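Listed below, chain by chain, are the residues.
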Amino acid sequence: MQVAWFQHKITVLIMAQLSKDLQRYFFEESTGDPLTLANVLRLAGERTFGFLFVLLALPSALPVPAAGYALPFGLLLFLLAVQLLMGSKSPWLPGWIINRPIALSRLQAFVKHGIPWIRRIEGLTKPRLTLVCSSGPGRAMIGCAVASMTLFMMVPVPGSNTLPAIGIFVTGLGLLNDDGAISLAGLAMCLIAAIFSVSILYGLFMGGTLLFSLNGQP
């Protein structure tokens, strides 16, 4: 019994290291030189899908300006989500994307604001309901939800990409830590985000239709 408890605690300590890894990589060991996504992915180890979901959703999920990130990161997230949906064990990204230099300063601001939120959720994570994160149907469900959220993320409507990005962020943290409960919470957020985003788009459509009809009246 004590051995099993000890192994469980070691597993939690090993898995809940994303915030420490990001802090060390982006601030303590950074040189200011351009970095590449390939270099950052070395932090992920075997947790690549969850790691990428968290990292790419982070700029849009935070309450800080992130103009210009929703579309390119949304496209990357969609590509990754489709691969997860299709049963891929490890993600694939084109070489020209993962080897493209990125200015470190452009990411440090988002990582700095994101680390406290990651730490809060990490404090709650532990391996549980692991079939949600490890089984084919569970991973397909996550992939489908993330793919749907990326479509809302990329809609050029102010404020419409934050909730979908938060849903992806939380779902990815659960996947990263093999915590099905956290991933299910993230999926619930994705559902709320979908309802909210559809309501906004519907309101804009109806408002535009009404305005068009009023302008068309003699």
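Cut-off values and rules
Sequence positions are assigned chain by chain, starting from 1 and proceeding in written order. The predicted origin of the model limits local features to residues at a pLDDT of at least 70 and limits the giving and counting of side-chain atom pairs to 80 or more, whereas totals for whole chains, interfaces and linings rest on all residues. The side-chain figures draw on all heavy atoms in the structure; neither hydrogens nor water molecules are used. Think of it this way: any DSSP run of H or I at least four residues long counts as a helix, any run of E at least two long counts as a strand, and we number them from the N terminus. What a helix should span is 1.5 Å times the count of its residues minus one. Only protein chains enter the calculation, and the probe is 1.4 Å; a residue is then buried if its accessible area is under 20% of its type maximum, exposed if over 50%, and partly exposed in between. We call two residues in contact whenever any of their non-hydrogen atoms come within 4.5 Å of each other. Think of each axis as a best-fit line through the C-alpha atoms, taken over the contacting stretch in the case of a helix, with angles from 0 to 180 degrees between the N-to-C directions. Oblique is the label for any angle not under 35 degrees, not over 145, and not in the 65 to 115 range, which are roughly parallel, roughly antiparallel and roughly perpendicular in turn. For a crossing to be left-handed, the near helix must be turned anticlockwise from the far one by less than a right angle; the clockwise case is right-handed. Any residue that is not Ala, Val, Leu, Ile, Met, Phe, Trp, Tyr, Cys, Pro, Asp, Glu, Lys or Arg is counted as polar, Gly included; the first ten are nonpolar and the last four charged. Contacts described as polar in this section are N or O atom pairs within 3.5 Å, which, within protein, must combine one atom able to donate a hydrogen with one able to accept it, while residues neighboring in sequence count only if both atoms come from side chains. Only buried Ala, Val, Leu, Ile, Met, Phe, Trp, Tyr and Cys residues count toward a nonpolar core, and they belong to the same one when joined by side-chain atoms within 4.5 Å. In summary, the pairing rule links any two rings of Phe, Tyr or Trp, Trp by its six-membered ring, whose centres are within 6.5 Å, and it sorts them by plane angle into stacked for under 30 degrees, edge-to-face for over 60 and tilted for everything else. Working rule: Lys NZ or Arg CZ, within 6 Å of ring centre, within 35 degrees of ring normal, means a charge sits over the ring. Only residues whose relative accessible area exceeds 30% and that form no salt bridge are eligible for patches; like-charged ones are grouped when within 9 Å, while nonpolar side chains (Val, Leu, Ile, Met, Phe, Trp, Tyr) are grouped when within 5 Å. We get accessible surface area from the Shrake-Rupley algorithm with a probe of 1.4 Å; when it comes to residues, only the shown protein chains can shield them. Salt bridges are defined by distance alone: a side-chain nitrogen of Lys or Arg within 4 Å of a carboxyl oxygen of Asp or Glu. Every residue is assigned a pLDDT by the predictor, reflecting its confidence on a scale from 0 to 100.

Caption draft 1: Region of the structure containing helix α10 (residues 162-176). The first and last C-alpha atoms of α10 sit 21 Å apart over 15 residues, in line with the 21 Å expected at 1.5 Å per residue. Burial within α10 is extensive, with 12 of its 15 residues counted as buried. Buried within α10 we find Pro 164, Ala 165, Gly 167, Ile 168, Phe 169, Val 170, Thr 171, Gly 172, Leu 173, Gly 174, Leu 175 and Leu 176. Remark: Asp 178 follows α10 within two positions and exhibits a positive phi of approximately 55 degrees.

Caption draft 2: How the structure looks around the side chain of Asp 179. Relative to the assigned elements, Asp 179 resides in the loop between α10 and α11 (180-215). With sequence-adjacent residues up to four places away left out, Asp 179 is seen in contact with Leu 124, Thr 125, Lys 126, Arg 128, Cys 133 and Gly 174.

Caption draft 3: Up close: the environment of Pro 137. With respect to the helices, strands and loops of the structure, Pro 137 is situated in helix α9 (residues 136-153). Look at Pro 137 and you get exposed, because its relative accessible area is 67%. Along the primary structure Pro 137 and Gly 87 are separated by 50 residues, whereas in three dimensions their C-alpha atoms are 8.9 Å apart.

Caption draft 4: The packing of helix α5 (residues 70-85) against α9, seen in detail. At a minimum axis separation of 8 Å, α5 and α9 run at an interaxial angle of 160 degrees. Classified by the angle their axes make, α5 and α9 are roughly antiparallel. Between α5 and α9 lies a crossing whose hand is left-handed. Where α5 abuts α9, its residues Ala 70, Gly 74, Leu 77, Phe 78, Ala 81, Leu 84 and Leu 85 lie against Arg 139, Ala 140, Ile 142, Gly 143, Cys 144, Val 146, Ala 147, Thr 150, Leu 151 and Met 153. In terms of residue class, the contact of α5 with α9 is built from 13 nonpolar, 3 polar and 1 charged.

Caption draft 5: Molecular detail of α9. Counted at 1.5 Å a residue, the expected span for α9 with its 18 residues is 26 Å, and the 25 Å between its end C-alpha atoms agrees. All of the buried residues along α9 are Gly 138, Arg 139, Ala 140, Ile 142, Gly 143, Ala 145, Val 146, Ala 147, Met 149, Thr 150, Phe 152 and Met 153. The distance from a side-chain oxygen at the start of α9 to the backbone nitrogen of Gly 138 is 3.2 Å, and the residue carrying that oxygen is Ser 135.

Caption draft 6: Up close: the nonpolar core. Counting residues in hydrophobic clusters, the biggest one holds 55 residues, and the most contacted among them are Leu 22, Phe 53 and Phe 169. Considering every element that reaches this core, the biggest residue donor is helix α4 (residues 48-61), with 10 residues.

Caption draft 7: Representation of the packing of aromatic side chains within the structure. Counted under the stated rule, the structure contains 1 aromatic pair. Geometrically, the ring pair formed by Phe 49 and Phe 53 is tilted, given 6.3 Å between the ring centres and 50 degrees between the ring planes. With Phe 49 and Phe 53 both in helix α4 and 4 residues apart, this pair spans about one turn of that helix. Of the two residues examined, Phe 49 and Phe 53, each falls in the buried class. Across from the ring centre of Trp 117, 4.7 Å away, lies the NZ or CZ of Arg 120, which sits over that ring.

Caption draft 8: Here's a closer look at the environment of Ala 109. Within the fold, Ala 109 resides in helix α7 (residues 104-122). Taking the C-alpha atoms as reference, Ala 109 lies 9.9 Å from Phe 26; in sequence the two are 83 residues apart.

Caption draft 9: Layout of a nonpolar patch on the surface. Residues Leu 129, Met 141 and Leu 184 make up a contiguous nonpolar surface patch of roughly 260 Å² in combined accessible area. If you trace the backbone, Leu 129 turns up in the loop between α7 and α8 (131-134). Judged by relative accessible area, which is 52%, Leu 129 ranks as exposed.

Caption draft 10: Spotlight on the confidence of the model for the protein chain. Of all residues in the protein chain, 80% attain a pLDDT of 70 or more, and the chain-wide mean is 79. Of all helices and strands in the protein chain, the one with the weakest mean pLDDT is helix α1 (residues 2-15) (40), whereas α9 scores best (92). In this model residues 1-16 is a low-confidence stretch, pLDDT under 50, and it forms 15 contacts with partners more than four residues away in sequence or in other chains.

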